[in-house]
Amino acid sequence: MDNVFRDTLDNLSDAKIITTDLSSVLSNLTEVIWSIDLTNEPYRYTYHNNPTENLGTHSKITVFPETVEEWQANIHPEDRDRVLEELVNALSNKVGSYAYRMAYGNGEYAYFRDKVSVLYENNKPIRLDGITIDIDTVRRNRLNLELSQQRLKSIVDALPDPVFISVKESGKVIFSNEVLFKVYEMSPSDFLGKKVIHFLQNFQSRKSYLDTLNLQGHIQNHEMVLKNKKGETFWVSASTMPLEFNNQDCYITILQDITLRKKLENEIKETNERYHLAVEGTNDVVWEYDFRLKSSYLSPQFWEGMEIEPEQNPLDDKLIAAYLHSEDRSDFLSLYSHKVANGEQDLTLEARLVAKNERIIWALIKARIIYNEEGAPARVVGSMSNITSLKLAQAKLRESEAKYKIISEHSSDCICLQAIDGTFVFVSPSSKEILGYTPEELVSLRLREIIDPEYLQKVSDTMLKVLNREQKSATVVYKAIHKNGNAVWLETMGGSIFDDDDNVLYLQTSTRNVTERILSEEMLRESEERYKLITENSHDIVSLMDLEGNYVFITPSVKDALGYDPAEMVGMNYRDFLHEDDIKRVDEEIAGSISENSREVNSVFRYRHKSGEWRWISASGGLITDDEGKPIYLRANKIDVTEKRKTEEKLRQQEERYKLVSENSGDVIALHRMDGTIDFASPSCKRLLGFDEKELVGTDPIELIKEEHREYVNTVIATTAVEKGRDVKMTFEIRHKDQGFIWVETSLSVILDSKGEAHMMQTSTRDISERIKALEKERQLNKLKSSFISMASHEFRTPLTTIQSSNELISMYLDKSDSPVDNKLGKHVSRIRTELERLNSLLKDVFTLGRLDVGKARLKKDITSLSTIAKQVVLESSIPYKGRNVEIKVEGTERQVLLDSQLISHVLSNLISNALKYSPDKKDPVLTIVFQEQGVQLKVRDFGIGIPKRDQKELFESFSRASNVGDIEGTGLGLVIVKQFVEMHGGEISFTSEENKGTEFTVSLPLLD
């Protein structure tokens, strides 16, 4: 026995202790420990523990052998020689291990394994020590597992005939058993994925096959020719029937190779129909019945398959009906009678045969009826093919598909099958509940149409790990778009489905709606963040006190509000900080909260700041109870309202001042509700309108306004209320109590509440009757001014035109005269021309300015090009200044603009003429057009005499000229007109200038696109 544990004992430091405990170790082992003395025969077993107890109740062996001979006799005959040989080897090698089956009664065996060690003395074996292990359960479980795997594979692969499954709609082959590839010498790539029709050679046979299949939905024993990759042709008998496979409408087809039969059939077709059909069913049962001789025949395969004794002349006029299942017998006889009645020859039927011990065999029965000259059946020759395997396979397949369908259709999760390219092959009905799409709608969509673009890559990467075998399965959470357009959160688990070649065939996914979970998690995070924000960053002071009033927790905001660190206050009582006049009242409020179990109490009191200052605090809080409703803490939220109290006091003082102002103001000051009703009116309303304030309070003043002004007033009020306007002016006529209607001007402002919403309206109204009269006089003066300008334009221009014409005639006369001309006369003529031009320019500016003053100038905007206008103006303005030019620069992206081209031409002409006129003998001026996003700028820069600083302030006033212009001509009106033209466009004009260095004018025109 020591030899069995020799290696273990050698490693122990105290072998004596181990030897002492060895018996207890052996009694607790689940193996049998034994020894055999090899020095004495017969060789006997010495057991070191109880075999039955140590192997336990699970062992099938109850009596163990006493000698080696008994042990050898109990070994299974198939294992005996091998085990003895391995035992001899163990004696040579000193150690060994072998498994074997040992009988335990009734001819049954159990599996055991022995591990042995041989003890030698003087190079001779003297003892064999061993351990016997019961491995029966493990071994049989392994065998059962292998058997289950084989049975599973045999459902499809072990069919004796070639079988393939094709998609009903496309005709493509999606599955085939190995028999087909072996029989027809094809590889999977030669057949799978191809359309079945490509392998059918004969057009008529192919057409007949498809027509019959489309008409009947199934076909039995249709003969056709197939062609393999090598070009070899095979005659086959094809039986096709509908099948639902992988959630697709498919056909399953069984092929029987009848090439040999067809060859023989062609040779003997005309001579012997019996051999024709017998050859046709070479691998099947052949049967025949002769009506005239009443003789019959059943080939030996029938009796072997049915496991019954052969009979002589086994058939009668009912043919093979006697051997059919009772439920199929009538179908067979009915079909036979129908064929005879119509004179048809061929009969085909699937039926059940009842074999020995009521065993059922499914058979495909084919027969040919041969008629005599009178048209009566003379002989029937037929065959029977065993299709039991096919039927079992179909049943298994239907059962498997049904289980999958039940699981998928009744699952709350959406179960899908997707091809590798992402298209949906199958979608369970729960897709309607989860995404709003029916399975039919979802199959037509792709992932990118459902998944939020932000998560599409995440989902794709996760599922690629499954398809690439990096993971067996994977789960991903993502956002998707419901059919109604709303976002939903989904959780999808995916795994791969493999074909027989271990290639990925489909991606199977299970998807559930986790929107509520995600939103709950998000709400929890937000709640935690809000709590953290409240406790750590809020200006409110959140505190917890025990029922004695001692602080146990206080937020850091107390530092900013009251100057204390939280650690300074924790453990102290609230009374240590309260004003002595407030302690009694606060004590009573807290006591009342505890006694009434109140969860919300409000209080205002004075609290000592760390600096010693007393601060007003507003506190709200109540009790916190445990699960049994017992008070454990006092909660409080404190806010420093010192400034609010000060503000309220200031507001009270302001209200007093407001009342004082309103009661002593000449204007009528009123407060209105948002519907216009007067809540307050100052006493001055008596002086302005003749009404006491009591007569106006509670009324709507719109009734006092002249009817033709009411719509205008209502519109202004409504717009001001919406826009929350202030100091909005409106002018209208209102009825005086005693004097009829008077003109008033009202300033309207909206008063906002603490939330920024319109709360009330305040108006200030004054009498402007005198101003209206003055405006009327001003309109009459403008009308008179306009008439004067029109008259002056005519009266001044007519004599000036006459003088100008006369001067030009004199000039022409002098130019054509042959006699010498007095130089003084020529100078006078030239001076007259110059003064006429200056006077015309002055009149033009005066008339233009006059038209602007009376409001007759109007904008006539059109889409135009500023660059084109600038080039034309530069060309015209440069003519009087020979040898000089104006450089034009464009900055930004040039575009068309909307403006009055005539007025802008006048602006540019004046600025460019001034730039040339006031920079003689200097560098040429520069015009820069700057196109901006919100408008355009025109910059005219010269390098001339500049404008003295003292003159710059009044530059845009009428008849104002710089003091350094000297004899340079000018009216002092040009820039005034330029400024008004620019402002008519909503623009601005500005300038920078330095004397003797130059001037730059900038015109800014907004939103001119």
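Residues numbered from 1 in each chain as written. Predicted model: local features only at pLDDT ≥ 70, side-chain atom pairs only at ≥ 80, totals over all residues. Heavy atoms only, no water.

- Per an unreviewed UniProt entry, the protein chain is named histidine kinase, and its organism is Roseivirga pacifica.
- For the protein chain, the Catalytic activity (unreviewed entry) comment in UniProt is given as "ATP + protein L-histidine = ADP + protein N-phospho-L-histidine." (UniProt positions renumbered as here; feature names shortened; annotations may be inferred.)

1. Digging into the side chain of aspartate 900
- Among the secondary structure elements, aspartate 900 is positioned in the loop between strand 33 (897-899) and helix 29 (901-917).
- When its relative accessible area of 5% is taken as the criterion, aspartate 900 is described as buried.
- Only 3.1 Å separates the side chain of aspartate 900 from the backbone nitrogen of glutamine 902, close enough to count as a polar contact. (Helix = DSSP H or I, 4+ residues; strand = E, 2+ residues; numbered from the N terminus. Buried < 20%, exposed > 50% of the residue type's maximum accessible area, 1.4 Å probe, protein only. Polar contact = N/O pair within 3.5 Å; in protein donor to acceptor, adjacent residues only side chain to side chain.)

2. Concerning helix 31 (residues 974-984)
- Where helix 31 is concerned, the buried positions are Gly974, Leu975, Val976, Ile977, Val978, Phe981 and Val982.
- Positive backbone phi, at 80°, marks glycine 986, one or two positions downstream of helix 31.

3. Topic: the sheet that holds strand 25 (residues 631-640)
- With antiparallel pairing, five strands are arranged side by side in an open sheet as 22-21-25-24-23. In this open sheet, the two strands that pair with only one neighbour each are strand 22 (551-554) and strand 23 (601-608). For this sheet, the mean angle separating the axes of adjacent strands, direction not counted, is 30°.
- Pairing between strand 21 (residues 541-545) and strand 25: five bridges, direction antiparallel. Counted as the bridge partner of leucine 544 is arginine 635 from strand 25.
- In this fold helix 21 (residues 580-595) packs onto strand 21, strand 23, strand 24 (614-625) and strand 25, with an angle of close to 150° to the strand it touches most, strand 23. (Pairing = 2+ DSSP bridges. Axes fitted to C-alpha atoms, helices over the stretch in contact; angles between N-to-C directions. Contact = heavy atoms within 4.5 Å.)

4. Structural notes on the packing of aromatic side chains
- Under the definition given, this model contains 17 aromatic pairs.
- For the pair phenylalanine 577 and tyrosine 607, a centre-to-centre distance of 5.5 Å together with 5° between the ring planes defines the contact as stacked. One end of the pair, phenylalanine 577, is in the loop between helix 20 (566-569) and helix 21; the other, tyrosine 607, is in strand 23, and 30 residues separate them in sequence.
- Accessibility expressed as a relative area gives 1% for tyrosine 607, which makes it buried.
- Among the aromatic residues, those joined into a cluster by ring pairs are Tyr551, Tyr564, Phe577, Phe605 and Tyr607.
- Here lysine 94 stacks its cationic end above the ring of tyrosine 120, 5.3 Å away from the centre of that ring.
- Lying across the ring of tryptophan 616, arginine 645 places its NZ or CZ 3.8 Å from the centre. (Phe/Tyr/Trp six-rings, centres within 6.5 Å; stacked < 30°, edge-to-face > 60°. Lys NZ or Arg CZ within 6 Å of the ring centre and 35° of its normal.)

5. A short note on the environment of threonine 462
- Its place among the elements puts threonine 462 in helix 17 (residues 453-467).
- Judged by its relative accessible area of 15%, threonine 462 is buried.
- Separated by 31 residues in the primary sequence, threonine 462 and methionine 493 place their C-alpha atoms 9.8 Å from one another.
- Once residues within four sequence positions are removed from consideration, threonine 462 is found in contact with Ala474, Thr475 and Val476.

6. Section: the nonpolar core
- Ranked by internal contacts, the top residues of the largest apolar core, which has 38 residues, are Leu866, Leu908, Ile912, Leu927, Phe1001 and Val1003.
- At the level of elements, helix 28 (866-877), strand 33, helix 29, strand 34 (926-932), strand 35 (935-942), helix 31, strand 36 (988-994) and strand 37 (998-1006) are the ones that each hand at least two residues to this core.
- At eight residues, helix 29 tops the list of elements feeding residues into this core.
- Once residues lying within four places of it in the same chain are set aside, the contact partners of valine 1003 are Val907, Leu911, Val936, Gln937, Leu938, Val982, Glu988 and Ile989. (Core = buried A, V, L, I, M, F, W, Y, C linked by side-chain atoms within 4.5 Å.)

7. Re the packing of helix 29 against helix 31
- In the contact formed by helix 29 and helix 31, the axes pass within 9 Å of each other and the chain directions differ by 145°. The way helix 29 lies across helix 31 gives a crossing that is left-handed. When helix 29 is examined against helix 31, the residues Leu903, His906, Val907, Asn910, Leu911 and Asn914 are found in contact with a partner set consisting of Gly974, Leu975, Ile977, Val978, Phe981, Val982 and Met984.
- Of the residues assigned to the contact of helix 29 with helix 31, the class counts are nine nonpolar, four polar and no charged. (Left-handed = near helix turned anticlockwise from the far one by under 90°. Nonpolar A, V, L, I, M, F, W, Y, C, P; charged D, E, K, R; others polar.)

8. So, the packing of helix 28 against helix 29
- Helix 29 packs onto helix 28 with a crossing angle of 45° between their chain directions and a minimal axis gap of 9 Å. Overall, the two elements helix 28 and helix 29 adopt an arrangement that is oblique. Note that helix 28 runs across helix 29; the crossing there is right-handed. Each of Leu866, Ile869, Ala870, Val873, Val874 and Ser877 in helix 28 lies in contact with helix 29, whose residues at this interface are Ser901, Ile904, Ser905, Leu908, Ser909, Ile912, Ser913 and Leu916.
- Among the residues making up the contact of helix 28 with helix 29, the classes are represented as nine nonpolar, five polar and no charged. (Parallel < 35°, antiparallel > 145°, perpendicular 65-115°, else oblique.)

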